[in-house]
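Listed below, chain by chain, are the residues.
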Amino acid sequence: MAAMSLVLRAAAAWGARRAASGVAGGAHLPWLGEAARLPGTVAPVRHSSSHGKRMFIIKATRFYDTRFLNLLRFYVFLTGIPVAIFITYVNIFIGEAELAEIPEGYIPEHWEYYKHPISRWIARYLLDPPEKNYEKEMAVLDIEAKKTQLRLMELEARRLMRQRGDGPWYHYETPDKNLVDNSMKSTPDN
Amino acid sequence: MAEDRNREVYKVPPTRTPVSEGTSTLPNPIPFLHTAFSYIVDAPVTFVREWIERQQAKNKYYYYHQKFRRVPDLSECLEGDYLCFYEAEAQWRRDRMVDQEIVEIVRERLGACKQREGPNQFQNCAKEAELLAQVTKAYQDRYGDLGVTGNARTCLMKQKHRMIEERKAQASASE
């Protein structure tokens, strides 16, 4: 196996040397009608009968572009095609709802206000009923309103207690009157 | 989403073209084209559509238009009653959407009338044009220029200003 690869490598090197010598040999005689070529682009041409000379056209690579587009198509269709099949199945075999008047004494469920079956399913199993949402928002508003009222009342109480001084707030610690040294004031003629 | 295409209201009345008595000897291509169309296009499409409808008719179900109860308006709410404000705001938004749809319907009626009448539209569609003018003026008076931040409160203030202007105009007219 290793001997085989050595032989192949030697054969490739011999072939490259032959091609290089062919290039070098060709470069000695430029005035014999050979067209100016880029180094390394010499290749044997065979004139085919139907469409002129076969050209080996050198272009910028499109490998990365085609790879990207193939991968894009693959990953988009991987979930896109099952979703499209599912939606087609639902639209053909289940069908949309028909508009009707609300029967007497019947209160429709919140999902029965939608037309498309997938919207109905989402409204029924995934989303909250709009009445619940409404009540939740009203509960938040109610709590915040009560909080603002309490805060305003607290501010008012603080203001009045500070002003009147007859409440439990705004009491300040003063030193004990027994600690006061009255010897400075005890004798009038000091 | 687009509205349902059940435009029964806009059905054009049947045309009254008279039967033509042609004296040409060449065969008329119209019936041939009509039969070709109905065999090649119409029949397969109708067959598929009716098959689909038969599949869908096995389990019929309905949807309804939601009817909302009327709640006290913003002008009937006490000050500081945020819950009342919220409900009045929601109701005002619903009413504004309804008014938008009304304007849209009146506009479509005028468009249908113009399409129907063709060259006679300026005379025969006068009623629809007048109705559209009145409806858009009313909408502009009530909801116009409130902007994207308009809510029930700004609309109420606009109404208050309108009434003040009206009163001033009345007072100055009676002098």
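Note that this is a predicted model, so its numbers are computed, not measured. (Residues numbered from 1 in each chain as written. Chains lettered and ligands numbered in written order. Predicted model: local features only at pLDDT ≥ 70, side-chain atom pairs only at ≥ 80, totals over all residues. Heavy atoms only, no water.)

(A) The arrangement of the confidence of the model for chain B in detail. Overall, the predicted model of chain B reaches an average pLDDT of 90, with 95% of residues at or above 70. Predicted complex metrics record ipTM = 0.79 and pTM = 0.71. (pLDDT = per-residue confidence, 0-100.)

(B) Structural context of the state of the cysteines. Residues and elements named next belong to chain B. Following the criterion strictly, the structure yields two disulfides over all chains and no others. The residue that forms a disulfide with C77 is C84, at a sulfur-sulfur distance of 1.8 Å. As the torsion about the S-S bond is roughly -80°, the C77-C84 disulfide counts as left-handed. Paired by a disulfide, C113 and C125 hold their sulfur atoms 2.1 Å apart. What sets the handedness of the C113 and C125 disulfide is the S-S torsion sign, and at about -100° it is left-handed. (Disulfide = S-S within 2.5 Å.)

(C) Structural detail: the layout of surface pockets. Empty space within the second largest pocket amounts to approximately 870 Å³. If you go around the second largest pocket, you meet 25 residues; those closest to its centre are A:E131, B:Q66, B:K67, B:F68 and B:R69. For the lining of the second largest pocket, the elements supplying multiple residues, two or more each, are α4 (130-164) of chain A together with α2 (82-117) of chain B. In terms of residues, the lining of the second largest pocket owes the most to one element, α2(B), which gives seven residues. The residue makeup of the lining of the second largest pocket, split by class, is 12 nonpolar, three polar and 10 charged. (1 Å grid on protein atoms, 1.4 Å probe; cavity = no way out; pocket = protein on both sides within 12 Å on 5 of 7 lines; lining within 4 Å. Points joined across faces, edges and corners; volume = space filled by probe spheres on them. Helix = DSSP H or I, 4+ residues; strand = E, 2+ residues; numbered from the N terminus. Nonpolar A, V, L, I, M, F, W, Y, C, P; charged D, E, K, R; others polar.)

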